[in-house]
Protein chains: 2
Amino acid sequence: MSGFFLNPERMNTHVVIMAGGIGSRLWPLSTPDVPKQFIDVLGVGRTLIQLTTDRFGPLCAPENFWVVTGEKYVNLVKEQLPDIPADQILAEPEGRNTAPCIAYASWKIARKDPEANIVVTPADALVLKTADFAVTIAKALAFTEERDAIVTVGITPSRPETGYGYINAAEALHGQLVKVSEFKEKPDLDTAIRYLEDGRYFWNAGIFVWNVRTIVNELRSYTPQIAEIMDQLTPSLFTENETTELRRLFPSCEKISIDYAVMEKSPRIYVIAEDLGWSDLGSWGSVLTRMETDPDGNAVVGSDVRLFGCRDCFVHSAGEKTVVVEGLDGYIVAESGNRLLICRLSQEQHIKEYSA
Amino acid sequence: MSGFFLNPERMNTHVVIMAGGIGSRLWPLSTPDVPKQFIDVLGVGRTLIQLTTDRFGPLCAPENFWVVTGEKYVNLVKEQLPDIPADQILAEPEGRNTAPCIAYASWKIARKDPEANIVVTPADALVLKTADFAVTIAKALAFTEERDAIVTVGITPSRPETGYGYINAAEALHGQLVKVSEFKEKPDLDTAIRYLEDGRYFWNAGIFVWNVRTIVNELRSYTPQIAEIMDQLTPSLFTENETTELRRLFPSCEKISIDYAVMEKSPRIYVIAEDLGWSDLGSWGSVLTRMETDPDGNAVVGSDVRLFGCRDCFVHSAGEKTVVVEGLDGYIVAESGNRLLICRLSQEQHIKEYSA
């Protein structure tokens, strides 16, 4: 690979943001009505989906962004991302996991731009090293521009994390396109430690790069049921019938992730691995690791949060609120709207049950 | 004293509710904008001032209730106590402690009903034994009806409380009018223990009974400065000039409590002592002692409060809120409006500083 800084073909670059998730482990901040991608989780003044579009700014023109989300979130997307063309905000009638989501976006993009070169990204992850990220994605885009290849972004693991899937690369290289040997499910701790030592295992960030011909072909090959539904939908795309037809057809798509449907089967998968300061922000603990802390280990988001004798706490207050917390050690305190959570960080895996 | 159940002279019975306090130790529930007397502290569906009027229902006609409060709370009083005549809601231009408050109410009542027999009560205390309370007050009213006497209500102490003032009665009698020997400031613990053993010491609940001639005379004798201002105000009472004149004159009243001004000086003070299930609800801890608790010692007010592994906690949530609390032992969790408090019960004496 020759060096690349920006994507010279940005006219054909499209970014697909998958924004249909619920983020139930970040309750009470994230709720089914306003999931975490639409929230300023880090207290930086931008929601996660806004931060996601921001980091693709050097790579893709605003008119080439696409968002796939639930019908109930379309207005949130329009509010938060007013520059994205309305007909590129795709509303899933129901969540059918990532393969139908990506298929729908791909069939639409193919119709509009048969030469499209695409990045697919979750809406709700964090990338701290945005310059490195842009370089990495630009390299991947250059690779897929003329090749029938799928590129995944691998994150250099910084700890033996058991909560993520891993990509096993053929070589322990960074910043270069490498063939993928295998995708690995969430490992147990011993396996995760081995992965970390090995150097050829990278976290699967769910970020994919491909050209539209490749992904459509792959979906035809590996999920013909979904491809057939998309073909039925094709005459309606970009017409007034699209919503009606989508509602009729989309719910019968097989409910399957792109990882199961394509990644684990296709022979043309590559990875470009890099340490990008990435986090899926999938839990309060993972958000906390991305926050600045005071000398007592406390992290705070909020307009008026007052801590007295607290250690290793994460206090997250949405809106204009006076929050006084005294004498807590190792707790999450999070309040948003008409919801309040106080929970030991060590017990955060139970938040879903507590809030159900 | 002959037995008394209800007050046969309720036409002349007036109840003065002092509702000017701030209740800063019950932050965040109680605030300068909506102090605790206007709040449903116990989660029973009635605010403390409403509970206060309720317990005088058997004793006094609604048209004989008077409320003295701050100007900013007049609308709250009207909303919560719509049966009280508007011209009997007295608005202090500023708080000058209880002697000017009582003087103003007394001068007004004297003008309207020179034969008035009066109970003065704080708005924000709790009485659980309301039937015993009514009997006690009826006895006191019967006593002051024809006598130049001041009756205070003494609460049988249930613990060596160091946070209250005490009334030293001449005899260790209950349910009868007894001469007061002395008023005592908040004692240290050893003294409080001695008081408890002695049997002649009762908590001063700040509830007073007298006829209007007596209290006006006492104020003339012991606080002539305040009495003189009230005399200047007299021509304006019940006229359109009252507010203007009150704003001009009232702030120059000596700032002094009725206890210092009259109780500790007058020779005609009696006490009627009883165990009334009384609490001043002056702190979260004191409110907690009046709450029902679950087997783990937790008390909860709120529409949807979920506790997991909590002990001896008091969770108070105003409004429709989902509150999840995990793994706390001995904490107050209280939220109201845009304020949230999490604090060990053992540290509640600091709440005033924390919230300042």
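Residues numbered from 1 in each chain as written. Chains lettered and ligands numbered in written order. Predicted model: local features only at pLDDT ≥ 70, side-chain atom pairs only at ≥ 80, totals over all residues. Heavy atoms only, no water.

Trainee: So what exactly am I meant to see when it comes to the overall build of chain A here?
Mentor: Assigned secondary structure in chain A consists of 11 helices and 17 strands. Whereas a compact globule of 356 residues would reach a radius of gyration of roughly 21 Å, chain A reaches 21 Å, a difference of no more than 12%. In terms of its C-alpha atoms, chain A occupies a principal-axis envelope of roughly 60 × 50 × 35 Å. When each of the 356 residues of chain A is scored for burial, the buried share is 58%. Partitioning the intrachain contacts of chain A with sequence separation of at least 6 by distance along the chain shows that 67% fall at a separation of at least 24. Carbon together with sulfur atoms contributes 48% to the accessible area of chain A, which is approximately 14,200 Å² in total. (Helix = DSSP H or I, 4+ residues; strand = E, 2+ residues; numbered from the N terminus. Rg over C-alpha atoms; globule rule 2.2 N^0.38 Å. Buried < 20%, exposed > 50% of the residue type's maximum accessible area, 1.4 Å probe, protein only. Contact = heavy atoms within 4.5 Å. Areas by Shrake-Rupley, 256 points an atom, 1.4 Å probe, with all protein chains shown as cover.)

Trainee: It is not clear to me how unusual backbone geometry should be interpreted in this structure. Could you clarify?
Mentor: Trans is the common state for peptide bonds, and a negative phi is the common state for residues other than glycine. Of note, the bond from W27 of chain A into P28 of chain A is cis; its omega dihedral lies within 30 degrees of zero at 10°. If you trace the backbone, P28 of chain A turns up in the loop between strand 1 (13-19) and helix 1 (48-55). Even without being a glycine, F238 of chain B presents a positive backbone phi close to 60°. When you line up the elements, F238 of chain B lands in the loop between helix 7 (224-233) and helix 8 (242-249). At D312 of chain B, a position not held by glycine, the phi torsion is positive, near 50°. By the secondary structure assignment, D312 of chain B is in the loop between strand 13 (304-308) and strand 14 (314-317).

Trainee: Can you walk me through the relation of the copies chain A and chain B in this structure?
Mentor: Mapping between the two chain copies consists of a rotation about an axis together with a translation along that axis. Once chain A is rotated about the relating axis by 180° and shifted along it by 0.1 Å, it coincides with chain B to within an RMSD of 0.1 Å. Taken together, the turn and the small shift mark the pair as related by a two-fold rotation axis. A share of 100% of interface residues in chain A that are also interface residues in chain B marks the association as one of identical surfaces. (Least-squares fit on C-alpha atoms with pLDDT ≥ 70 in both.)

Trainee: Would you explain the environment of D312 of chain A in this entry?
Mentor: Residues and elements named next belong to chain A. A residue is classified by how much of its surface remains accessible, and D312, at 38% relative accessible area, is partly exposed. It is 8.4 Å that separates the C-alpha atoms of D312 and T293, two residues lying 19 residues apart in sequence. Apart from residues lying up to four places away in sequence, D312 is in contact with D296, G297, N298, D329, G330, Y331 and L345.

Trainee: I keep staring at the packing of helix 7 (residues 224-233) of chain A against helix 8 (residues 242-249) of chain A and nothing clicks. Help me out?
Mentor: The axes of two packed helices give the description: the angle between them and the distance between them. Residue and element names in this part refer to chain A. Relative to each other, helix 7 and helix 8 sit at 155°, their axes nearing to 10 Å. With respect to helix 8, the axis of helix 7 lies roughly antiparallel. Helix 8 is crossed by helix 7, and the crossing has right-handed handedness. The segment helix 7 lies against helix 8, with I229, Q232 and L233 engaging E242, E245, L246 and L249. Here the residues of the contact of helix 7 with helix 8 are counted per class, giving four nonpolar, one polar and two charged. (Axes fitted to C-alpha atoms, helices over the stretch in contact; angles between N-to-C directions. Parallel < 35°, antiparallel > 145°, perpendicular 65-115°, else oblique. Left-handed = near helix turned anticlockwise from the far one by under 90°. Nonpolar A, V, L, I, M, F, W, Y, C, P; charged D, E, K, R; others polar.)

Trainee: It is not clear to me how the interface of chain A and chain B should be interpreted in this structure. Could you clarify?
Mentor: Accessible area lost on assembly of the parts is the figure often given for the size of an interface. Contact with chain A, which involves 27 residues of that partner, is made by 27 residues of chain B. The contact between chain A and chain B buries some 2,300 Å² in all, and 54% of this surface belongs to carbon and sulfur atoms. For the salt bridge of E326 of chain A with R344 of chain B, the shortest nitrogen-to-oxygen distance reads 2.5 Å. Inspection of the chain A/chain B interface yields 22 residue pairs in polar contact (both at pLDDT 80 or more). Those elements that provide at least two residues to the side of chain A that touches chain B are strand 13 (304-308), strand 15 (322-326), strand 16 (331-336), strand 17 (339-344) and helix 11 (351-355) of chain A. Looking at the side of chain A that touches chain B element by element, the count peaks at six residues for strand 17 of chain A. Here the side of chain A that touches chain B is built from residues that sort into 14 nonpolar, six polar and seven charged. (Buried area = accessible area lost by both parts, 1.4 Å probe. Salt bridge = Lys/Arg side-chain N within 4 Å of Asp/Glu carboxyl O. Polar contact = N/O pair within 3.5 Å; in protein donor to acceptor, adjacent residues only side chain to side chain.)

Trainee: What should I look at first to understand the sheet that holds strand 15 (residues 322-326) of chain B in this one?
Mentor: Pairing between sheet strands relies on hydrogen bonds along the backbone, with the strands arranged either parallel or antiparallel. In space, the six strands of this open sheet follow the order 12(A)-14(A)-16(A)-17(A)-15(B)-13(B), with mixed pairing throughout. Where the open sheet ends on each side, the last strands, each with one partner, are strand 12 (299-301) of chain A together with strand 13 of chain B. Between one strand and the next, the sheet's axes are offset by a mean angle of 5°, whatever the strand orientation. Inspection of the sheet shows strand 17 of chain A paired to strand 15 of chain B by four bridges, in the parallel sense. Bridge pairing links I342 of chain A to V325 of chain B in strand 15 of chain B. (Pairing = 2+ DSSP bridges.)

Trainee: Is there a simple way to think about helix 4 (residues 130-145) of chain B in this case?
Mentor: One turn of an α-helix holds 3.6 residues; hence residues three or four places apart share an orientation. Residues and elements named next belong to chain B. Between its terminal C-alpha atoms helix 4 stretches 22 Å, which fits the 22 Å expected from 16 residues at 1.5 Å a residue. Burial analysis of helix 4 places 12 of its 16 residues in the buried class, the great majority of the element. Three or more residues of helix 4 are buried, namely F133, A134, V135, T136, I137, A138, K139, A140, L141, F143, T144 and E145. (Expected span 1.5 Å × (residues − 1).)

Trainee: Could you clarify how one ought to interpret the packing of helix 3 (residues 98-112) of chain A against helix 7 of chain A in this entry?
Mentor: Residues and elements named next belong to chain A. Here helix 3 crosses helix 7 at 35°, and the two axes come no closer than 10 Å. Considering how the two elements wind past one another, helix 3 and helix 7 form a crossing that is right-handed. Contacts between helix 3 and helix 7 pair A99, P100, A103, Y104 and W107 from the former with I226, A227, M230, D231 and L233 from the latter. Within the contact of helix 3 with helix 7, the residues separate by chemical class into nine nonpolar, no polar and one charged.

Trainee: Where do I start with the pairing of strand 8 (residues 177-184) of chain A in this structure?
Mentor: Within a regular beta strand, the side chains point alternately toward one face of the sheet and then the other, so they alternate between its two faces. Residue and element names in this part refer to chain A. Two strands pair when backbone bridges link them, and strand 7 (residues 166-169) and strand 8 are joined in this way by four bridges, in the antiparallel orientation. Residue pairing for strand 8: Y166 is matched across the bridge by K184. Bridge count for strand 8 against strand 10 (residues 269-274) is three bridges, and the pairing is antiparallel. Across the sheet, residue K179 finds its bridge partner in strand 10, namely Y270.

Trainee: Got a minute to help me understand the confidence of the model for chain A in this structure?
Mentor: In low-pLDDT regions, the fine details of the predicted coordinates are not to be read closely. Residues and elements named next belong to chain A. Averaged over chain A, the pLDDT score is 94; the fraction of residues at 70 or greater is 97%. Predicted confidence for residues 1-5 stays below pLDDT 50, and this span has 10 contacts to residues more than four positions away or in other chains. With a pTM of 0.82, the predicted complex shows an ipTM of 0.81. (pLDDT = per-residue confidence, 0-100.)

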